[in-house]
Amino acid sequence: MTAQAKKPANPKVGAEVAQTGAKAPFPFRTGISLFLLAGNFLIAAIYFHLVNF
């Protein structure tokens, strides 16, 4: 049995978002991701004795 994509029950779903000019929170998510990635590199550097505290 195959799954088929269905149209939304309301054809206006998502249409109003594009017209409002609202931005998705991608800059916030990107900033948090980069902050966590930098933390991971710092922990790895401490673990491999590249940075000593």
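To start, this report covers the structure provided alongside it.

What counts as what
- Residues numbered from 1 in each chain as written.
- Predicted model: local features only at pLDDT ≥ 70, side-chain atom pairs only at ≥ 80, totals over all residues.
- Heavy atoms only, no water.
- Helix = DSSP H or I, 4+ residues; strand = E, 2+ residues; numbered from the N terminus.
- Buried < 20%, exposed > 50% of the residue type's maximum accessible area, 1.4 Å probe, protein only.
- Areas by Shrake-Rupley, 256 points an atom, 1.4 Å probe, with all protein chains shown as cover.
- Expected span 1.5 Å × (residues − 1).

**Details of the overall build of the protein**
1) Next: Assigned secondary structure in the protein consists of two helices and zero strands.
2) Next: When the 53 residues of the protein are sorted by exposure, 2% land in the buried category.
3) Next: Per element, the accessible surface of the protein, about 5500 Å² overall, is 69% carbon and sulfur.

**A few points about helix 2 (residues 26-47)**
1) Next: The end-to-end C-alpha distance of helix 2 is 31 Å, a good match for the 32 Å that 22 residues give at a rise of 1.5 Å each.
2) Next: His49 occupies a position one or two residues after helix 2 and carries a positive phi of about 60°.

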